[in-house]
Amino acid sequence: MRRLPPVLLEDGCPRELISLIRTVLAACKEISFRVGQGALSGVLGSTLDENIQGETQKKLDVLTNQLLKDILLESGYVKAIASEEEDFTVAGNPDANYIVAFDPLDGSSNTDINSLVGTIFSIMAAPEGSDPADPSIFMQPGKNQVAAGYVLYGPSTVLALTTGKGTRFFTLDKTHGTFLLTQDFASVPEETSEFAINASNQRHWQPAMQNYINDLIAGVTGPRGRNFNMRWIAAMVGDVHRVLCRGGIFTYPTDTKDPNKPNKLRLLYEANPMAMLIEQAGGIASTGTERIMDIQPDAIHQRVAVILGSKNEVETCLSYHK
Ligand code: AFP
């Protein structure tokens, strides 16, 4: 089995980028250990604080954010970071060439029930001569990403990584502390009969999504003429991993539940990196009206609608939005 750096060197990945990815993964190995310790390490449950987005922070949100932040800033490989758990971007080494956006613990509501969680990251080049303290360096569309990935802390710890030459899976060998390549070139099947959506929001969706899901649920006697199965992990990282492994469509659409928050998922550290991983595996990632990676961000905590997964099924869903 091949280790991470040789694989990336074969792709022609710059050494500095490889070192940065290794730095992210060093933090993820520590997170994997802490998450695995569960109640033994006293890290379950919530803090009394809320993040800037008004969400209650879990103790593990705070701990994992601090771990990633410290390791990245101390490494000298990053010009600035943006995190779901930080109100503002944080300046790093002014001479560094890369910026990193991350969700330190996606699906953190799953921590207390010993279910799937993960770390999602997105790496872009810092504009030349840019000021590390200027948040506008993150206002780049997802198509500018030079690497994206997630580490899923499940029964095994799995890294999904792309540097623009396909999406690969690596599994953490916990005996030696090394991510080993376990699947070269993941490929999302074009056809699927599986969908993932939080169906409790159905009455709040826009008509296009209502109609699409109704037709899936109608099954063999409905317009689609076949039965569909549903899965929902409540951690995008777990749902996207399933889609990358066996296909499917995952969506968190626009809804009217909270007029101040029509979309749930964050562009910079959820939608963009997942879109790159999915597209690099042959799938599609859209908001319903545009390609996710074409969106020009206007705020670091910006949220977008997400529809991603198997090519033919996402195209069918998009046809309802036309
Ligand atoms: P948390 O990290 O706050 O648990 O949110 C996870 C998430 O952003 C995404 O990973 C899930 O797909 C989605 O929220 C689940 O949302 P619902 O709780 O509304 O189903």
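Residues numbered from 1 in each chain as written. Predicted model: local features only at pLDDT ≥ 70, side-chain atom pairs only at ≥ 80, totals over all residues. Heavy atoms only, no water.

- The protein has the name Fructose-1,6-bisphosphatase class 1 in an unreviewed UniProt entry, where Pseudoalteromonas lipolytica is given as its organism.
- According to the UniProt record, the Subcellular location (unreviewed entry) comment for the protein is "Cytoplasm". (UniProt positions renumbered as here; feature names shortened; annotations may be inferred.)

1. A few points about the nonpolar core
Thinking step 1. Grouped together as the largest cluster of nonpolar side chains are 47 residues, with contacts concentrated most on F138, Y150, L244, M274, V306 and L308.
Thinking step 2. With nine residues, helix α6 (residues 267-280) is the largest single contributor of residues to this core.
Thinking step 3. Here this core spans two domains, and each of domain 1 (4-183) and domain 2 (194-321) adds at least three residues to it.
Thinking step 4. When sequence neighbours within four positions are dropped, the list of residues in contact with F138 reads A80, I81, A82, T89, I99, V100, A101, M124, L268, P297 and I300.
Thinking step 5. Among the nonpolar cores identified, the runner-up in size contains 37 residues, and A27, L67, L161 and F170 belong to it. (Core = buried A, V, L, I, M, F, W, Y, C linked by side-chain atoms within 4.5 Å. Buried < 20%, exposed > 50% of the residue type's maximum accessible area, 1.4 Å probe, protein only. Helix = DSSP H or I, 4+ residues; strand = E, 2+ residues; numbered from the N terminus. Domains from an automatic or database assignment. Contact = heavy atoms within 4.5 Å.)

2. Let's talk about the domain arrangement of the protein
Thinking step 1. Partitioning the protein into domains gives domain 1 (4-183) and domain 2 (194-321).
Thinking step 2. The C-alpha-based centres of domain 1 and domain 2 are spaced at 23 Å.
Thinking step 3. Taken together, the 46 residues of domain 1 in the interface contact 32 residues of domain 2.
Thinking step 4. Between domain 1 and domain 2 lies a buried interface of about 2900 Å² when both sides are counted; carbon and sulfur atoms form 64% of it.
Thinking step 5. On inspection of domain 1 and its partner domain 2, the count reaches two salt bridges.
Thinking step 6. Where E84 meets R266, a salt bridge forms, and the shortest distance between an N and an O atom there is 3.3 Å.
Thinking step 7. Taken together, the links from domain 1 to domain 2 amount to 15 residue pairs in polar contact (both at pLDDT 80 or more).
Thinking step 8. When residues in the side of domain 1 that touches domain 2 are grouped by element, the largest group, eight residues, is from strand β7 (residues 145-153).
Thinking step 9. Among the residues making up the side of domain 1 that touches domain 2, the classes are represented as 22 nonpolar, 16 polar and eight charged. (Buried area = accessible area lost by both parts, 1.4 Å probe. Salt bridge = Lys/Arg side-chain N within 4 Å of Asp/Glu carboxyl O. Polar contact = N/O pair within 3.5 Å; in protein donor to acceptor, adjacent residues only side chain to side chain. Nonpolar A, V, L, I, M, F, W, Y, C, P; charged D, E, K, R; others polar.)

3. Points about the sheet that holds strand β11 (residues 194-196)
Thinking step 1. Ordered in space as β12-β11-β13-β17-β15, the five strands form an open sheet in which the pairing is mixed. In this open sheet, the two edge strands, each paired with only one partner strand, are β12 (229-230) and β15 (284-286).
Thinking step 2. With two bridges connecting them, β11 and strand β13 (residues 249-252) associate as parallel partners. The residue of β13 that forms the bridge with F195 is I249.
Thinking step 3. The strands touched by helix α7 (residues 311-320) are β13, β15 and β17 (306-309); relative to β17, the strand with the most contacts, the crossing angle is about 150 degrees. (Pairing = 2+ DSSP bridges. Axes fitted to C-alpha atoms, helices over the stretch in contact; angles between N-to-C directions.)

4. Things to note about the packing of aromatic side chains
Thinking step 1. The final tally for this structure, using the stated rule, is three aromatic pairs.
Thinking step 2. Note on W232 and Y252: the rings are 5.9 Å apart at their centroids and 55 degrees apart in plane angle, and the pair reads as tilted. Of this pair, W232 sits in the loop between β12 and α5 (236-246) while Y252 sits in strand β13, placing them 20 residues apart in sequence.
Thinking step 3. By way of ring pairs, the aromatic residues W232, F250 and Y252 are connected into one cluster. (Phe/Tyr/Trp six-rings, centres within 6.5 Å; stacked < 30°, edge-to-face > 60°.)

5. Points about the site of the ligand
Thinking step 1. Near the ligand there are 16 residues, and of these D106, G107, N198, M236 and Y252 occur at the shortest range.
Thinking step 2. Here K264 contributes a side-chain N or O atom positioned 3.1 Å from an oxygen atom of the ligand.
Thinking step 3. Here E270 contributes a side-chain N or O atom positioned 3.2 Å from an oxygen atom of the ligand.
Thinking step 4. Coverage of the ligand by the protein amounts to 85% of the 490 Å² it exposes when considered alone.
Thinking step 5. Looking at the shell around the ligand residue by residue, the class counts come to eight nonpolar, four polar and four charged. (Near = heavy atom within 4 Å. Areas by Shrake-Rupley, 256 points an atom, 1.4 Å probe, with all protein chains shown as cover.)

6. Regarding the pairing of strand β6 (residues 117-125)
Thinking step 1. Taking burial as the measure, the nine residues of β6 include eight buried ones, the bulk of the element.
Thinking step 2. With seven bridges joining them, strand β5 (residues 98-106) and β6 adopt antiparallel strand pairing. Residue pairing in the sheet places A101 in a bridge with S122 of β6.
Thinking step 3. Pairing of β6 with β7, which is carried by eight bridges, proceeds in the antiparallel orientation. Bridging from a neighbouring strand, S122 pairs with A148 of β7.

7. Brief notes about the UniProt feature "binding site: Mg(2+) 1" (unreviewed entry) in the protein
Thinking step 1. When the UniProt feature table is mapped onto this chain, "binding site: Mg(2+) 1" (unreviewed entry) is found at E84, D103 and L105. A maximum C-alpha distance of 9.0 Å is found for the annotated residues, which run over 22 residues; spatially they form one tight group.
Thinking step 2. Mapped onto the elements, E84 comes out in the loop between β3 (78-83) and β4 (90-91).
Thinking step 3. Since its relative accessible area comes to 5%, E84 is described here as buried.
Thinking step 4. Sequence-distant contacts of E84, defined by excluding residues within four places in its chain, comprise N51, Q53, E55, F102, D103, P104, R266, Y269, E270 and H301.
Thinking step 5. Its location among the elements puts L105 in strand β5.
Thinking step 6. Ignoring sequence-local partners within four residues, the contact set of L105 consists of I31, V35, L60, D61, T64, T111, V117, G118 and Y153.

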